[in-house]
Structure formats: structure tokens, C-alpha cells
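Tertiary structure, described
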Amino acid sequence: MNLFRKKPIQSLLKESGAKGASLRKELGAFDLTMLGIGAIIGTGIFVLTGVAAAEHAGPALVLSFILSGLACVFAALCYAEFASTVPVSGSAYTYSYATFGELFAWILGWDLILEYGVASSAVAVGWSGYFQGLLTGFGIELPKALTSAYDPEKGTFIDLPAILIILFITFLLNLGAKKSARFNAVIVAIKVAVVLLFLAVGVWYVKPENWTPFMPYGFSGVATGAATVFFAYIGFDAVSTAAEEVRNPQRDMPIGIIVSLLVCTLLYIAVSLVLTGIVPYEQLNVKNPVAFALNYIHQDWVAGFISLGAIAGITTVLLVMMYGQTRLFYAISRDGLLPKVFARISPTRQVPYVNTWLTGAAVAVFAGIIPLNKLAELTNIGTLFAFITVSIGVLVLRKTQPDLKRAFRVPFVPVIPILAVLFCGYLVLQLPATTWIGFVSWLLIGLVIYFIYGRKHSELNEMARTEEKAG
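These remarks concern the structure in this document. (Residues numbered from 1 in each chain as written. Predicted model: local features only at pLDDT ≥ 70, side-chain atom pairs only at ≥ 80, totals over all residues. Heavy atoms only, no water.)

Orientation of helix α5 (residues 92-99) relative to helix α6 (residues 102-137), taken along the N-to-C sense of each, is 170°, at an axis distance of 7 Å. Classified by the angle their axes make, α5 and α6 are roughly antiparallel. Contacts between α5 and α6 involve Ala92, Tyr93, Ser96 and Tyr97 from the former and Glu102, Phe104, Ala105, Trp106, Leu108, Gly109 and Leu112 from the latter. A breakdown of the residues in the contact of α5 with α6 according to their chemical character gives eight nonpolar, two polar and one charged. (Axes fitted to C-alpha atoms, helices over the stretch in contact; angles between N-to-C directions. Helix = DSSP H or I, 4+ residues; strand = E, 2+ residues; numbered from the N terminus. Parallel < 35°, antiparallel > 145°, perpendicular 65-115°, else oblique. Contact = heavy atoms within 4.5 Å. Nonpolar A, V, L, I, M, F, W, Y, C, P; charged D, E, K, R; others polar.)

Printed below as a string of C-alpha cells:
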């Protein structure tokens, strides 16, 4: 059997428009931009900034954000070309199926399952922590057994708030993409307003002397900081999973991907400048650096809003990550590499309802019972791997199918895709060996599943058998 058989782009487009088996097209450029911002602005801006400044970059944290942002911008341009050319669910998995063949597509799809699934569980745990902090502020304490994952020594058995927020998001996703997008847009507006409030208040307390020395740990510190804050950018690629539900994907997909990334990059740069200008970088090694900075300048009333913004931010990240996971399962299942139940569509709401509830249940179990502090690190390497693959895919498809209709074209090819590969490759090499070992182990598990189940049940395999019998 040919492990590198490719799925023709025309076949992908035909499947996505099949009557009774397709998703409802109801999203526009604004919805996609809000999904992108919803996925990107989360715990990264409220948590990672302090640690990266204190331990790695100092005031040069702004350069770390620019370095990570450039890697993402180059990759985003490559995603935009694919998303406008192949507007089908599945994101990088689908693009790889058309470009590199089935085995590579499965490896990348399995990689993205890790990215979205683990990220969703970890984000839900983070949401639970912030939510419990908010309840404590009102004098409400949950029973200790229900506050965190299973750890008998600490007296905790299940993280109930994490499970409840996942079930709520799952219910919301089953109402349809448009309703989910509306909810996301409202929450995104709240968290962006909170970030702008921090900038408006904090800018008056900036002391330029806090920016010196600007690069206390040298450029290597800036590079390590860039690898650390890269977590803050994860999520814009989830926008491409919505391609099949967009009214005009050729125009709207590039707008949603690129605009959301640019808006978030500008906000990150502004926050890092103000943060390190208010507080000496050595003091920023805290879990809540933005709120800490406001307390530092005695603006405690704004710090309360920051906690609200963090909860709002984490909620939309969870929404978009789980959305991406369900659409990924839908695409892989439709191709036969996973059981067909994941591709079953609700006749009324036109969403993959069985898949959505199964995904919600699995994520809830992981978030509620299993501590995920080490697994969360795998999200980073999985994302960088996908970025590199998509960037190389643009070059391959330009060579193999030069006449393919492209609504959006990456400028300065091959320079931009090569820069994306180099930037992302550099960042992935900064990750620790333990992360690499975990990542390779996950891929080996995926290969076992593919050779036991996926290869035999693949739609392309079924087509080949039918043609063989007919011949």
C-alpha cells in the first residue's frame, strides 16, 4: 500500500461541499479575526511575560516578543495561502494530505491532536485556578477535594471547575459555529479592553531607567525568552480549522489569520514595554506580573479588572482550542483514518455533535483528574512542528502545482517560507531534551495507531480497492 498517496485538492473541495455531510458556512472575516485574538491572548500575556523578563531577557523582552512574532508572521502568511487555496477543515493536516501524502498527513494530524487536546486540558486547569481565586475574593471556598487534579497527599481528587467550564464550552460548540463566534467576540472585547486599561494606566508610571541595562542576559537570553513567550502566540493556526464554515474563505481566511496575529503582536510589544518600564525586571518573577505591576504602583482597583481579563482570556482560548480539536477530528475521520463516528454531522445545526461531546468528555477527564504541568510543554513543540511543515508545504505545492488557483499568495517566495522554517527551527532547538523525548514518544504511538487502523480504513485505500476490483 502506498503510504505517500496524496488526496487531490479537487477531491477535498468536493467533499467539503457534499450535501448532508458538510458544515454550515456562516462565518466572516470579523468572526475569524475574533477567533484568532480569542485563541492568542490568554495566559501568555498575563503570566509568561514576568518570568521571561526576570529569568531570560530583562527589558529586552520586547525583542523576544518581536522574534517570536516574526516566526509566527512568516508562518501565518504560509497558512493564509493554504487556507485560501484549500478552504477545508483540518488545517495543517489537510494541507499535508494534499502536499506530502497520507503518512505525513497522519503524523501532522496526530501532532495537532496533541497541540489542541493537551492545550485545552491545561488551559481549563489554568481557568480553574483563576476562577477559584475570584471566588476567594468574594469569601467563597470550594471543598479542597474538588479544587485540583488527583493528589491524595494534598487532599485533592478532582478539579470540578475545570470540568464544568469544559462541559459549558462543549455545550456552546454544539449550538453551532456562529453562536460560538458571537460568544467569543463578546469575551474578546472584554479582555482586549482590560489590556488597553493596563496600558492606559501603566504608561504614566514608566521609568526609563528601569530599561537599563536593556539586555542583561545577552542575545542568548533574548532567544531563550523568545522560545518561552512563544506559548503566548499559540492559537492563530486554529483559525484555519474554521475554513469549511466560512462564507468567503478565499478572501476572509487570510484577513482573519494575519490581522489577528498583527493585533496581538502589537499588544504584546506594548505590554512588555510598559511592564518592564514600571517594575525593575528582577522583581517580575511572579505568577501574575501584570496585576503585580499595578499593585506595585498602588493601582489595586485596576488589578481586580486584570483578574477578570485573565479569566475572559482563558475562556476564549479554551473555546477556540476545543473548536479546533473537533474540526481536526472531523477531517481525519472523514478521510477514514479515525472511526467514522467523529465525522457524524447534526442535521439541524450542521456541527459534528458526537465528535464534540466525545472531545469534551476526554478533555474534561484529563483536566479534572490528571496533573498536566509537564504535558503542557509538548504543546509548544507540536505547534512549531506544524508551522515548519506548512511552510515547506507552500514551497512544494508551488513547484508541483504552479497553476493551482490561489486567492492569496505568500509574497517573496521562497524567502518568506524559508525564513519561517529557520525562525521556527531555531525556536524548536531551544526546547529541552525531555520535551523532545515526549514528542517523539507521542508520534510513535500515533504510528502504531495508523498501521493498525488508519492505513486499512483510509478512504483512499477504499477507492484503490474499488478501482482494482473494477479493473
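Relative to the assigned elements, glutamate 245 resides in the loop between α9 (218-229) and α10 (249-278). For glutamate 245, a relative accessible area of 1% gives the class buried. A polar contact of 2.6 Å, which involves the side chain of glutamate 245, links it to the side chain of tyrosine 323. Within polar-contact distance, the side chain of glutamate 245 engages the side chain of arginine 327 at 2.9 Å. Once residues lying within four places of it in the same chain are set aside, the contact partners of glutamate 245 are Leu23, Arg24, Lys25, Glu26, Leu27, Ala177, Tyr323 and Arg327. (Buried < 20%, exposed > 50% of the residue type's maximum accessible area, 1.4 Å probe, protein only. Polar contact = N/O pair within 3.5 Å; in protein donor to acceptor, adjacent residues only side chain to side chain.)

Another aspect to go through is the environment of proline 249. Here proline 249 lies in helix α10. Using a relative accessible area of 8% as the deciding quantity, one classes proline 249 as buried. Among all residues touching proline 249, those that are not within four sequence positions of it are Ser84, Pro87, Ala243 and Pro254.

What follows concerns helix α17 (residues 459-470). The first and last C-alpha atoms of α17 sit 16 Å apart over twelve residues, in line with the 16 Å expected at 1.5 Å per residue. Residue serine 458 occupies the N-cap position of α17, its side-chain oxygen lying 3.2 Å from the main-chain nitrogen of leucine 460. (Expected span 1.5 Å × (residues − 1).)

The final tally for this structure, using the stated rule, is 21 aromatic pairs. With centroids separated by 5.8 Å and ring planes inclined at 70°, the aromatic side chains of phenylalanine 168 and phenylalanine 183 adopt a geometry described as edge-to-face. One end of the pair, phenylalanine 168, is in helix α7 (residues 160-174); the other, phenylalanine 183, is in helix α8 (residues 177-202), and 15 residues separate them in sequence. Centroid distance phenylalanine 329 to phenylalanine 342: 5.0 Å. Interplanar angle 25°. Geometry classified as stacked. In this pair, phenylalanine 329 sits in helix α12 (residues 300-334) while phenylalanine 342 sits in the loop between α12 and α13 (353-369), placing the two residues 13 residues apart along the sequence. Given a relative accessible area of 13%, phenylalanine 329 falls into the buried group. For phenylalanine 342, a relative accessible area of 15% corresponds to the buried category. (Phe/Tyr/Trp six-rings, centres within 6.5 Å; stacked < 30°, edge-to-face > 60°.)

Tallied over the entire structure, the rule returns nine salt bridges. Residue arginine 406 pairs with glutamate 81 through a salt bridge whose shortest N-O separation is 3.2 Å. Of this pair, arginine 406 sits in the loop between α14 (378-400) and α15 (415-429) while glutamate 81 sits in helix α4 (residues 61-85), and the two are 325 residues apart along the sequence. Using a relative accessible area of 9% as the deciding quantity, one classes arginine 406 as buried. Arginine 334 serves as the salt-bridge partner of glutamate 244, at 2.9 Å between the closest nitrogen and oxygen. Linking glutamate 244 in the loop between α9 and α10 with arginine 334 in helix α12, this pair joins segments that are 90 residues apart in sequence. Using a relative accessible area of 0% as the deciding quantity, one classes glutamate 244 as buried. For arginine 334, a relative accessible area of 12% puts it in the buried group. Salt bridges here are not isolated pairs; linked through shared partners, they connect Glu81, Arg398 and Arg406. (Salt bridge = Lys/Arg side-chain N within 4 Å of Asp/Glu carboxyl O.)

Note that all results are geometric; they support no functional claim without further evidence.
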